[in-house]
Amino acid sequence: MDERAALRLLEGELAAAGDDAAVVDGLVVTTDMLHDRTDFPDGTTRYTAGWRAIGASLSDVAAMGAEATAAVAAYAAPTFERDELLAFVRGASEICDHVDAEYVGGDLDGHDEFTTATTAIGRADDPVRRSGARPGDHVCVTGTLGRSAAALKLFDRGHTERANELFRFRPRIAAGRALAPHASAMMDSSDGLARSLHQLAEASDCGFAIESAAVPIDDAVREVTDGDADALERATTFGEDFELVATVPEDSLSAVRSATDVPLSVLGTVRERDHGISMDGEQLADRGYTHG
């Protein structure tokens, strides 16, 4: 089975499964695993790998509307090279510093390829779930989409410095905290906008109607794609952007926009379930990033 089928299987076994992170007595906990062959293109520095790996877990904390507290990582590689190991730790530490969290260490192990497993923790008195979206709410997304898609193209072309820069995203902890008092549902966009909408729809038993003109496509995407249609495709389905996708009631929208300094784009509205998930009036396919 693929990743999504495996997740559905586990959701039937684990009552707490189904959101970006688990919440236990106000403590938010999440874990991720990344591999050299599937997650770090040739040219990815260990500094970027440390930043991105920890950032992925911190993004899950952000999606719950939580305050980030700390993170750890397990680091496995065929050999332990001094410069690579120190670069990884420095990247992991710096991204934690950016969100007022602390990188507190982890574990080392031998492995036939570079692999890292990361865990981030935070706190939230009233976490935001995926299951609260209601018809009439606005569908919003933070920042821009497509950075990782553009980075992959640039890695392929040998423009590794620019590609590494794009791979070092900022987890939206502050934006998640600003959204938390107002958002009815929220998750991160690591699987892509289209798939995120399908996941939110499943959790909230609703539909969505969005407009392609409102999708905030990162400028870097247009530098590496052929035309607007290609740029939109990559921005909506590639994934690995780690922005927040949230639903916000109409009467809370202005409050959210004034509370965060991260650009917030309104893509459309929540509809009844039988509407399905549409973009520009056409059904939006459930396509996005899948592990395995």
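If you look the protein up in an unreviewed UniProt entry, it shows as Thiamine-monophosphate kinase from Natrinema pellirubrum. In the Pathway (unreviewed entry) part of its UniProt record, the protein is described as follows: "Cofactor biosynthesis; thiamine diphosphate biosynthesis; thiamine diphosphate from thiamine phosphate: step 1/1." UniProt's Sequence similarities (unreviewed entry) comment on the protein is quoted here verbatim: "Belongs to the thiamine-monophosphate kinase family."

(A) View of the UniProt feature "binding site: substrate" (unreviewed entry) in the protein. Within the UniProt annotation, "binding site: substrate" (unreviewed entry) is assigned to Asp39, Glu240 and Tyr289. Across 251 residues in sequence, these annotated residues keep their C-alpha atoms within 11.3 Å of one another, forming a single compact spot. Following the sequence through the fold, Asp39 ends up in helix H2 (residues 36–39). Separated by 2.8 Å, the side chain of Asp39 and the backbone nitrogen of His35 make a polar contact. Note that Tyr289 resides in the segment after strand S12 (282–283). Given the relative accessible area of 18%, Tyr289 is considered buried. Ignoring any residue separated from it by four or fewer positions in sequence, one finds Tyr289 in contact with Thr38, Asp39, Ser190, Asp191, Arg195, Thr237, Phe238 and Glu240.

(B) Main features of the UniProt feature "binding site: Mg(2+) 3" (unreviewed entry) in the protein. UniProt marks Asp20, Asp60 and Asp188 with the feature "binding site: Mg(2+) 3" (unreviewed entry), using the numbering shown here. For this annotated set, covering 169 residues, all C-alpha atoms fall within 7.4 Å of each other, a compact arrangement in space. The topology assignment puts Asp20 in the loop between helix H1 (3–11) and strand S1 (22–24). On the basis of relative accessibility, which here comes to 8%, the residue Asp20 falls in the buried class. Aside from chain neighbours lying at most four places away, what touches Asp20 is Thr30, Asp60, Ala63, Met64, Arg130, Met186, Met187 and Asp188. Counting through the fold element by element, Asp188 comes out in strand S7 (residues 185–188). The residues touching Asp188, leaving out its near neighbours within four places in the chain, are Asp20, Ser59, Asp60, Ala63, Ser196, Phe242, Glu243 and Leu244. Among the polar contacts made by the side chain of Asp188, one reaches the side chain of Ser190 at a distance of 3.0 Å.

(C) Layout of the packing of helix H5 (residues 147–156) against helix H6 (residues 160–167). Here H5 crosses H6 at 160°, and the two axes come no closer than 8 Å. With respect to H6, the axis of H5 lies roughly antiparallel. H6 is crossed by H5, and the crossing has left-handed handedness. Where H5 approaches H6, its residues Arg147, Ser148, Ala150, Ala151, Leu154 and Phe155 are matched on the opposing element by Thr160, Arg162, Ala163, Asn164, Glu165, Leu166 and Phe167. Of the residues in the contact of H5 with H6, the class split is seven nonpolar, three polar and three charged.

(D) The domain arrangement of the protein, seen in detail. Here the protein is described as being made up of domain 1 (3–123) and domain 2 (137–283). Taken together, the contact between domain 1 and domain 2 spans 30 residues of the former and 24 residues of the latter. At the boundary of domain 1 and domain 2, one finds one salt bridge. The residue Glu240 makes a salt bridge to Arg52 at a minimum N-O spacing of 3.8 Å. Connecting domain 1 to domain 2 are eleven residue pairs in polar contact (both at pLDDT 80 or more). Among the elements that line the side of domain 1 that touches domain 2, the one with the most residues is helix H3 (residues 46–63), at twelve residues. The class makeup of the residues in the side of domain 1 that touches domain 2 is 13 nonpolar, eight polar and nine charged.

What counts as what
- One numbering rule holds for all chains: residues counted from 1, following each sequence as written.
- Local features in this predicted model are restricted to residues of pLDDT 70 or higher, and side-chain atom pairs are both shown and tallied only at a pLDDT of 80 or more, whereas totals for entire chains, interfaces and linings draw on every residue.
- Hydrogens and waters are ignored; side-chain quantities use all the structure's heavy atoms.
- UniProt positions are given in the numbering used here, feature names are shortened, and annotations may be inferred rather than shown by experiment.
- Labels follow the DSSP assignment, with helices taken as runs of H or I lasting at least four residues and strands as runs of E lasting at least two, numbered in each case from the N terminus.
- The definition of a polar contact used here is a pair of N or O atoms within 3.5 Å, where within protein one atom must be able to donate a hydrogen and the other to accept one, and adjacent residues in sequence count solely through side-chain atom pairs.
- Only protein chains enter the accessibility calculation, which uses a 1.4 Å probe; a residue whose area is less than 20% of its type maximum is buried, one above 50% is exposed, and one in between is partly exposed.
- Contacts are residue-level and defined by heavy atoms, with any inter-residue pair within 4.5 Å sufficient.
- An axis is simply a line fitted to the C-alpha atoms; with a helix, the fit covers only the stretch in contact. Between two such axes, the angle follows the N-to-C directions and lies from 0 to 180 degrees.
- The labels follow the angle: roughly parallel below 35 degrees, roughly antiparallel above 145, roughly perpendicular from 65 to 115, and oblique for the rest.
- By convention the crossing between two helices is left-handed if the near helix lies anticlockwise of the far one by an angle smaller than a right angle, and right-handed if it lies clockwise.
- Gly is placed with the polar residues, together with every amino acid not listed as nonpolar (Ala, Val, Leu, Ile, Met, Phe, Trp, Tyr, Cys and Pro) or charged (Asp, Glu, Lys and Arg).
- Those domain boundaries reflect an automatic or database domain assignment.
- Here, a salt bridge means any Lys or Arg side-chain nitrogen found within 4 Å of an Asp or Glu carboxyl oxygen.

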